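# Architecture at a glance
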Amino acid sequence: MWEMLEGMLKTFVNNLMAMNTLEILLLTLWVSITGYASWYFISAKHHVPLTREEVRLLWKIHKSHTRCDSKKWDEIRGKDKIIGFKCECGYKHLQKRRIV
């Protein structure tokens, strides 16, 4: 089995050595573009609307975890829907979900 792997590795290295500079450059370019596009689409997010009850509950959770003693919060709106809140202490919560 090791002999077969060693033979495959030698073949791969020989094929790389036989490639000219332009082919290596194009291969590197395609790998880079594919990697960047994959990272971009996986990390892309959009805002998810929340109800007032959900925002109030998230604010209460924030207060209990951080021991915040603020008395009010302001809603953050996007396209006429609540997408998060901002606490008096400066904390912001935006509800996001991955696109892909």
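Read on for a plain summary of the structure. No experiment lies behind these values; they were computed from the predicted model shown. (Residues numbered from 1 in each chain as written. Predicted model: local features only at pLDDT ≥ 70, side-chain atom pairs only at ≥ 80, totals over all residues. Heavy atoms only, no water.)

## Examining the side chain of His-93
- Summarising the element assignment, His-93 is placed in strand β4 (residues 92–94).
- Look at His-93 and you get buried, because its relative accessible area is 17%.
- Only 3.0 Å separates the side chain of His-93 from the side chain of Gln-95, close enough to count as a polar contact. (Helix = DSSP H or I, 4+ residues; strand = E, 2+ residues; numbered from the N terminus. Buried < 20%, exposed > 50% of the residue type's maximum accessible area, 1.4 Å probe, protein only. Polar contact = N/O pair within 3.5 Å; in protein donor to acceptor, adjacent residues only side chain to side chain.)

## Notes on the pattern of salt bridges
- Applying the stated criterion across every chain, the model contains 3 salt bridges.
- Two residues, Glu-6 and Lys-10, come together in a salt bridge whose shortest N-O distance is 3.6 Å. Placement of both Glu-6 and Lys-10 in helix α1 (residues 2–18) is noted, with a separation of 4 residues, approximately one turn of the helix.
- One salt bridge connects Arg-77 with Glu-75, and the closest N-O pair in it is separated by 2.8 Å.
- Since its relative accessible area comes to 25%, Glu-75 is described here as partly exposed.
- Members of the salt-bridge network, linked through shared partners, are Arg-52, Glu-75 and Arg-77. (Salt bridge = Lys/Arg side-chain N within 4 Å of Asp/Glu carboxyl O.)

## Section: the side chain of Ser-70
- Locating Ser-70 in the fold gives a position in the loop between α3 (52–66) and β2 (73–78).
- Ser-70 gets classed as buried once you look at its relative accessible area, which sits at 7%.
- A polar atom in the side chain of Ser-70 sits 3.4 Å from the backbone nitrogen of Cys-89.
- The contacts of Ser-70, once residues within four sequence positions are left out, are Trp-59, Lys-63, Cys-87, Glu-88 and Cys-89. (Contact = heavy atoms within 4.5 Å.)

## A closer look at the nonpolar core
- Core analysis: the biggest nonpolar cluster contains 8 residues, these being Leu-50, Val-55, Trp-59, Cys-68, Trp-73, Ile-82, Phe-85 and Cys-87.
- Elements supplying a minimum of two residues to this core: α3 and β3 (81–87).
- Counting residues per element, this core draws most heavily on β3, at 3 residues. (Core = buried A, V, L, I, M, F, W, Y, C linked by side-chain atoms within 4.5 Å.)

## Some words on the pairing of β3
- Burial within β3 is extensive, with 5 of its 7 residues counted as buried.
- Two strands pair when backbone bridges link them, and β2 and β3 are joined in this way by 6 bridges, in the antiparallel orientation. Opposite Arg-77, over in β3, you have Ile-82 as the bridge partner.
- Hairpin connection, β2 to β3: the antiparallel pair is bridged by 2 residues, and Lys-79 has positive phi, about 55°.
- One ladder, built from 3 bridges, connects β3 with β4; its direction is antiparallel. When the sheet's bridge partners are listed, Lys-86 is paired in β4 with Lys-92.
- The antiparallel hairpin formed by β3 and β4 contains 4 residues in its connecting segment, where Gly-90 sits at a positive phi of about 105°. (Pairing = 2+ DSSP bridges.)

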